[in-house]
Amino acid sequence: MFKYKGYRGTLLRVDLSKNKLTKNPLPIELAELYIGGTGFCARILWDEVGPQTDPLGPENRLIFATGPLTGTFFPPSGRFVIAAKSPLTGIWGEAHCGGHWGPELKYAGYDLIILQGRARNPVYLNINDSSVELRDATHLWNMDTRETTEAIRAELKDDTVEVACIGQAGERKVKFASVICDFYHAAGRSGMGAVMGSKNVKAVAVRGSGDVEVADPEGFLKVAEEAYGKVTVEWRGVCEGSLGKYGTPNLVTAINEIGRLPTKNHLTGFYDNAEAIGGHVLRDQYRVGRQSCLSCGIQCKYISYINNGLYEGTLTGGPEYESIMALGSNCFNGDVETIIHANLLCNLYGLDTISTGKVISFAMECYANGIVTRRETGINLNWGSSMGIVELIHRIAKREGFGNILADGVRAAAKHIGKRAERYAMHVKGLEISGQDGRAQQSVALTHAIGCRGADHLRSLSSLEELGFTQTLATRFGEEYVQDLQNLHSTQHKGLLVKDMEDLYAIVDSLLLCKYGTMWPPIYYFDDIAKLLPPLTGMKQYADIKNIRMTAERICTLRRAFNIREGLTRSDDCLPERFLKEPMPDGPAKGMVAELEPMLEEYYELRRWDSKTGWIPRNVLKKLGLSDVADELERLDKLP
């Protein structure tokens with residue numbers, strides 16, 4: 001039996017090349033030093049995926065990992081993470097997903113799965129408690145994600161089986177292909193679906209009948225009850241008028257009001273037609289149902305349906321804020337029904353909606369500036385062309401024509417096209433920028449620049465200053481910091497803010513908790529986690545906040561080391577010139593640019609990383625228990 005509770009104590013390793021499935025004990029030190037989820041993935045990818053590894057080759061690892069909270073009734077904890085070396089960026093890749101698949105894996109008896117090698121023919125992994133097998137998936141190839149899920153459930157004669165699968169985009173190795181669970185939940189970013197497709201794995205089906213034990217049931221119940229008490233007050237007070245009532249689409253209007261809603265490929269952060277694609281319209285005219293991930297009281301996932309018109313019969317989960325932004329305002333598309341339908345297509349094909357919308361908006365700006373013409377694209381790509389958006393999604397997923405160029409992401413597409421197309425490629429480290437604009441909120445600029453997987457909002461984004469959580473800022477950082485922190489356009493102390501959030505999210509993503517509860521509203525912080533971890537796991541050392549922060553830094557630093565080993569330096573912690581040199585043309589942030597350098601200097605100083613190279617000194621690595629990492633970086637001449 002595993003030493004600590006909250007875990008099932010088993011790691012399932014699947015060697016697809018050898019058709020070999022092995023159940024190994026979960027290493028004690030992995031849990032003690034990295035907690036779970038993202039932490040597990042950081043250590044395993046460092047140990048098993050070297051700098052010469054082809055992201056789409058058999059030597060890459062694809063990890064499905066849970067955390068000690070996964071499968072418990074602590075709110076909201078129904079999540080898991082998928083990680084690999086990213087085919088889109090060539091560096092650290094991870095994607096998180098909600099629903100019920102992660103808890104089901106825990107109930108089946110496993111904390112994580114490691115897929116390696118490549119199957120000779122298409123397969124799917126079927127897990128039913130202790131029974132684990134690779135099944136032929138030839139008949140599932142070319143099916144979309146809905147068809148795949150339904151076919152596997154029918155084949156296994158069990159409608160309760162949880163299925164994580166890829167669609168045609170993953171099969172064709174579109175470099176931003178996603179993995180879809182429960183029809184509507186996506187592990188979207190950084191191309192995990194392409195890695196899955198490269199291994200000839202169509203799906204992972206899971207059914208479990210076990211449970212998750214905690215170390216101190218009475219203590220855990222007390223902490224969980226306190227959490228639910230906060231949920232009742234905070235979520236109902238802060239979110240019932242937004243997340244609970246409208247879901248994430250309510251952010252469309254809120255973010256537009258501060259001038260950071262990406263519009264026309266980030267040309268501006270203000271969209272004068274935002275109300276037409278926001279939460280009120282979706283709720284009033286298209287929403288027909290509501291869903292919840294396991295152990296969550298928010299129920300922010302809505303089901304949308306179009307009952308007439310060109311896209312009659314469209315039924316899909318969401319669309320979420322990021323999808324509305326990417327397929328809507330950023331393409332200058334105010335047709336909400338096109339957005340809903342495009343969202344469905346992305347779910348069915350298994351495409352990340354953010355990267356999909358961003359490659360389309362990139363193509364539209366190239367089209368508008370004569371860099372590509374209809375001769376190259378084969379379709380009209382004028383700004384806001386709803387038919388162009390839908391048609392390009394089909395072509396990207398199938399790698400047909402111009403879609404084949406876009407299927408490798410904006411960085412590769414710009415390089416292929418040439419003619420200064422790079423000017424319109426909105427990415428950091430190869431990952432298309434998510435739904436924020438650093439000119440309107442300086443901490444966003446730093447978040448995007450330092451992101452371990454590229455332009456990322458979910459590894460360190462702060463909503464504290466954006467949403468006016470004055471008391472939270474004062475409590476965490478001190479009254480003297482509040483004025484500067486609350487000023488969206490100030491760079492003062494934003495390195496401190498982003499570093500603190502990145503550390504917090506590293507723990508949250510390892511436990512695994514949903515960001516709603518840590519990001520918005522800010523319910524859980526390090527002191528709350530110190531009360532939670534000991535009764536959950538029995539790890540008494542985590543009653544000390546210093547040890548939690550040390551583990552957070554260890555995880556963040558190891559992900560950074562992974563990227564350094566892949567060749568990244570300070571020069572990669574950057575933003576497109578548009579954000580640095582083109583003042584916001586209109587809206588509430590008119591005239592602003594991202595002032596990255598002072599924030600980056602502060603961030604490096606707080607991390608104790610070398611400010612010239614962006615590399616990590618040996619003494620920092622040693623203090624975090626990563627001397628072996630320092631040795632390898634020194635061998636590669638990548639220590640400052």
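For the structure itself, consult the block above.
Given the structure is predicted, the values throughout are model-derived calculations rather than measurements. (Residues numbered from 1 in each chain as written. Predicted model: local features only at pLDDT ≥ 70, side-chain atom pairs only at ≥ 80, totals over all residues. Heavy atoms only, no water.)

## What to know about unusual backbone geometry
Part 1: In this model, P75 is joined to P76 through a cis peptide bond whose omega is -20°.
Part 2: The topology assignment puts P76 in the loop between β3 (62-65) and β4 (80-85).
Part 3: The phi dihedral of F183 is positive, around 70°, even though this residue is not glycine.
Part 4: Along the chain, F183 turns up in the loop between β10 (179-181) and β11 (185-187).
Part 5: With a relative accessible area of 22%, F183 lands in the partly exposed category. (Helix = DSSP H or I, 4+ residues; strand = E, 2+ residues; numbered from the N terminus. Buried < 20%, exposed > 50% of the residue type's maximum accessible area, 1.4 Å probe, protein only.)

## Side note on helix α12 (residues 336-349)
Part 1: Its 14 residues give α12 an end-to-end C-alpha distance of 20 Å, which sits within 8% of 20 Å, the value for a rise of 1.5 Å per residue.
Part 2: With respect to burial, α12 is a largely interior element, 14 of its 14 residues being buried.
Part 3: Where α12 begins, the capping side chain belongs to D335, and its oxygen is found 3.1 Å from the backbone nitrogen of E337.
Part 4: Backbone geometry just after α12 places G350 at a positive phi near 80°. (Expected span 1.5 Å × (residues − 1). Polar contact = N/O pair within 3.5 Å; in protein donor to acceptor, adjacent residues only side chain to side chain.)

## Considerations on the pattern of salt bridges
Part 1: Evaluated as defined, the whole model comprises 41 salt bridges.
Part 2: Across the pair D631 and R618 runs a salt bridge whose closest N-O atoms are separated by 3.0 Å. With D631 in helix α27 (residues 627-635) and R618 in helix α26 (residues 618-623), this residue pair connects regions lying 13 residues apart in the sequence.
Part 3: Here D631 falls in the partly exposed class, since its relative accessible area comes to 44%.
Part 4: Looking at R618, the relative accessible area reads 31%, which means it is partly exposed. (Salt bridge = Lys/Arg side-chain N within 4 Å of Asp/Glu carboxyl O.)

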